[in-house]
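So the chains spell out like this:
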Amino acid sequence: MGRLERAFVERVEAFSDRALDVAEELEKQGRSRRIVDQLTGCGTSVGANTVEADEALSRKDFAKCVGIAIKELGETRNWLRRIIHRGWIPAARLTPLHDEGTEIKLILGAILTRMRRNDQV
């Protein structure tokens with residue numbers, strides 16, 4: 001019934017779970033609470049907004065939720081880069097998660113672009 005393929009929604013949810021794993025690791029290390037909270041917030045928001053988009057009642061609501069998910073992906077990827085830069089978690093562990101965020105962002109961006117193009121026709 002959803003607007004998105006179930007496998008894609010599950011992929012995004014897995015991304016959010018992995019972001020939480022990173023936040024929990026930072027917390028165990030005693031790293032900045034602010035960064036733990038920021039990563040937790042934006043990382044889980046990606047999944048929450050994708051689920052909300054999947055269940056959107058209108059095209060406008062769908063587009064809004066997808067747009068928010070894209071923005072939250074950008075923030076999540078920023079925090080992952082900061083964590084790598086600081087050497088808190090090895091790049092070898094976080095680069096695949098960062099790359100997954102990039103791929104999801106490209107997919108969501110393509111969905112939004114296609115939707116807007118179809119609305120103009």
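Residues numbered from 1 in each chain as written. Predicted model: local features only at pLDDT ≥ 70, side-chain atom pairs only at ≥ 80, totals over all residues. Heavy atoms only, no water.

Engineer: Sorry if this is basic, but what is going on with the packing of helix 3 (residues 59-86) against helix 4 (residues 91-120) here?
Structural biologist: Two numbers describe a pair of packed helices, the interaxial angle and the distance between the axes. One way to put it is that helix 3 packs onto helix 4 with a least axis distance of 9 Å and a crossing angle of 160 degrees. On the basis of their axis angle, the class for helix 3 and helix 4 is roughly antiparallel. Every pair of crossing elements has a handedness; the one defined by helix 3 and helix 4 is left-handed. For the contact of helix 3 with helix 4, the class distribution of residues is 17 nonpolar, six polar and five charged. (Axes fitted to C-alpha atoms, helices over the stretch in contact; angles between N-to-C directions. Helix = DSSP H or I, 4+ residues; strand = E, 2+ residues; numbered from the N terminus. Parallel < 35°, antiparallel > 145°, perpendicular 65-115°, else oblique. Left-handed = near helix turned anticlockwise from the far one by under 90°. Nonpolar A, V, L, I, M, F, W, Y, C, P; charged D, E, K, R; others polar.)

Engineer: Looking at this structure, how should I read helix 2 (residues 33-54)?
Structural biologist: Side chains three or four residues apart in an α-helix point the same way, a direct result of the helix having 3.6 residues per turn. Its 22 residues give helix 2 an end-to-end C-alpha distance of 32 Å, which sits within 8% of 32 Å, the value for a rise of 1.5 Å per residue. At Ser 45, helix 2 is deflected by roughly 25 degrees, the largest bend along its length. (Expected span 1.5 Å × (residues − 1). Bend = angle between axes of the 7 residues up to and from the residue.)

Engineer: Whenever I open this one, helix 4 confuses me. Can you help?
Structural biologist: In this model, helix 4 (30 residues) spans 42 Å end to end at C-alpha, consistent with the 44 Å of a helix rising 1.5 Å per residue. Looking only at helix 4, the buried set comprises Leu 94, Leu 97, His 98, Glu 100, Gly 101, Ile 104, Leu 108, Ile 111, Leu 112 and Met 115. On the buried face of helix 4, the contacting elements are helix 1 (6-29), helix 2 and helix 3. (Buried < 20%, exposed > 50% of the residue type's maximum accessible area, 1.4 Å probe, protein only. Contact = heavy atoms within 4.5 Å.)

Engineer: How do you make sense of the side chain of Ser 16 when you look at a structure like this?
Structural biologist: Checked against the element boundaries, Ser 16 lands in helix 1. Judged by relative accessible area, which is 6%, Ser 16 ranks as buried. Those residues in contact with Ser 16 that sit more than four places away from it in its chain are Gly 43, Thr 44, Val 46 and Gly 47.

Engineer: Just checking my understanding: could you explain the packing of helix 1 against helix 3 for this structure?
Structural biologist: Where helix 1 meets helix 3, the axes come as close as 12 Å, and the angle between the chain directions of the two elements is 35 degrees. As for the relative orientation of helix 1 and helix 3, their crossing is left-handed in sense. Counting all contacts with helix 1, which are made through Phe 15, Ala 19, Val 22 and Leu 26, the residues of helix 3 involved are Leu 73, Thr 76, Leu 80 and Ile 83. Partitioned by chemical class, the residues of the contact of helix 1 with helix 3 number seven nonpolar, one polar and no charged.

Engineer: Is there a simple way to explain the nonpolar core in this structure?
Structural biologist: In a soluble, globular protein the nonpolar side chains are often hidden away together inside. With 34 residues, the main nonpolar core has Val 22, Leu 26, Leu 39, Phe 62, Ile 83 and Leu 108 as its most contacted residues. Elements represented by at least two residues in this core include exactly helix 1, helix 2, helix 3 and helix 4. At ten residues, the largest contribution of residues to this core is made by helix 3. Not counting residues up to four positions away in its chain, the partners in contact with Phe 62 are Arg 3, Leu 4, Ala 53, Ala 56, Ile 111 and Met 115. (Core = buried A, V, L, I, M, F, W, Y, C linked by side-chain atoms within 4.5 Å.)

Engineer: In this structure, what is going on with the pattern of salt bridges? I would like to understand it.
Structural biologist: Tallied over the entire structure, the rule returns eight salt bridges. Put simply, Arg 6 and Glu 13 hold a salt bridge, and the shortest N to O gap is 3.6 Å. For Glu 13, a relative accessible area of 30% corresponds to the partly exposed category. Two residues, Asp 119 and Arg 59, come together in a salt bridge whose shortest N-O distance is 2.5 Å. Taken together, the residues Asp 119 in helix 4 and Arg 59 in helix 3 connect sequence positions 60 residues apart. Residues joined in a network through salt bridges with shared partners are Arg 6, Glu 10 and Glu 13. (Salt bridge = Lys/Arg side-chain N within 4 Å of Asp/Glu carboxyl O.)

Just distances and angles here, no functional claims.
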